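One-letter residues, chain by chain:
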Amino acid sequence: MKFSVRVNNDLGLEELRAVAAAAEQAGFDQLWISNDLFLRSAPVLAGALAAGTARISLGIAVMNPYSVHVSELAMLAATGQEVSGGRFLLGLGAGSEQFLGWAGLARARPLATTRSALVTVRALLGHADVDRALLPAWFGPQSVLRFPLARPVPVYIGAMGPKMLEMAGGHADGVLPLLYPPERYSDVRSQVLAGAARRQRDVDLPACFWVSLSDDPATARTALAEKLAYYGPSISARMLAAAGLRPGDFAPAARLAHGGHGAAQLIDDRMLALGIAGDVADVLARCRVLSRLGARHLSFGPPLGPDPVAAVRLLGDHVLPALIEEENP
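**Q** What is the right way to look at the nonpolar core in this model?
**A** General note: in soluble globular proteins, nonpolar side chains tend to be found buried as a group. Counting 82 residues, the largest nonpolar core has F28, V121, L125, V283, L298 and F300 as the members making the most contacts within it. With nine residues, the single largest contributor to this core is helix 13 (residues 308-327). Other than its neighbours up to four places away in sequence, V121 contacts V70, L73, A74, L90, L92 and V155. Grouped together as the second largest cluster of nonpolar side chains are 28 residues, L178, A253, L274 and A277 included.

Structure, rendered in structure tokens:
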């Protein structure tokens, strides 16, 4: 079983360094940093972490093809691989229509745009299994990196909808499906595998969920509630409907959260169940469900807890060993 940890780019560098050190010591395989607009630059943070870690793979989840040209995405990924000694992972996705709108960016044709960017960046990064019929018209003999790559950089797709998931299965090295709730993994897995089967490909498929872990379950729930207050309205209506919710249900909490005010009291238990919050026993119980659903790569995402470093250590000390032992009794 593989394990990864995801953090937001709202963390300062020193706190992020502490999380990365704790994750590497705890035995995590990957560390992913988000690249949400108007927060800290994930490529800069990943470069700083590469200098302070030795083993753990470092990824950005996710860059979008609207604010950065695909050629620059390839430059970034190839340089990240060089700086990290081959440990870099590129996450690519259409991004949130709401957040792109803050920068005046239109999220035009998200499926086609993401597929084109994925195929193009993988071609630039040296992957041999690219469907070259899908490359853009501008791609030609001069569309090559001018410095050597030790090996192709893995490219993951951040996907949530069924068409994007199936496309990612057919063309990406891995898929990062943010699961609301985590138990949605079984549906996501079937959609990704359908795309992968058509092209006879193996794809890394982490079960990506939000977790808030603490020895004090109440503070863990509050930390997750604040996260849901901020991001709730950006979750797709179709996905929320499956959980009996609507984006508008989060609107009052979001107004407070985006204004810099606490909003946890406006997040009810139905909303909170979109992630995992509580102590070690609470987290283990739902991770075991994911394991039974076929997940062999678990990706623990922010807020992680009221103290992210302490949460990562709890995961490394108690959750990961228990899951590994159960997989290999």
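**Q** Teacher, can you tell me more about helix 12 (residues 280-292) here?
**A** Count 3.6 residues to each turn of an α-helix, and residues three or four apart come out pointing the same way. Over its 13 residues, helix 12 runs 18 Å from end to end, which matches the ideal 18 Å to within 8%, given 1.5 Å per residue. Buried residues of helix 12: V280, V283, L284, C287 and L290, and no others. For helix 12, the buried positions fall inside an angular range of 115 degrees around the axis, keeping them on one side. Across helix 12 from its buried face, at more than 90 degrees, point the exposed residues A281 and R292. Summarising the contacts, the buried residues of helix 12 are in contact with helix 7 (185-198), strand 7 (207-213), strand 8 (276-278), strand 9 (297-304) and helix 13. Where helix 12 begins, the capping side chain belongs to D279, and its oxygen is found 3.2 Å from the backbone nitrogen of A281.

**Q** Help me understand the pattern of salt bridges in this model?
**A** A side chain with one charge may pair with a side chain of the opposite charge, provided their charged atoms come close. Following the criterion strictly, the structure yields 12 salt bridges and no others. Here R246 ties to D249 by a salt bridge, and the two come within 3.0 Å at their closest N and O atoms. By relative accessible area, which is 57% here, R246 ends up exposed. The closest approach of N and O atoms between R270 and D268, which form a salt bridge, is 3.6 Å. Classification of D268 by relative accessible area gives partly exposed; the value is 31%. The network of salt bridges with common partners includes R122, D129, D173 and R201.

Cut-offs applied
- Residues numbered from 1 in each chain as written.
- Predicted model: local features only at pLDDT ≥ 70, side-chain atom pairs only at ≥ 80, totals over all residues.
- Heavy atoms only, no water.
- Core = buried A, V, L, I, M, F, W, Y, C linked by side-chain atoms within 4.5 Å.
- Buried < 20%, exposed > 50% of the residue type's maximum accessible area, 1.4 Å probe, protein only.
- Helix = DSSP H or I, 4+ residues; strand = E, 2+ residues; numbered from the N terminus.
- Contact = heavy atoms within 4.5 Å.
- Expected span 1.5 Å × (residues − 1).
- Arc of directions from axis to C-beta.
- Polar contact = N/O pair within 3.5 Å; in protein donor to acceptor, adjacent residues only side chain to side chain.
- Salt bridge = Lys/Arg side-chain N within 4 Å of Asp/Glu carboxyl O.

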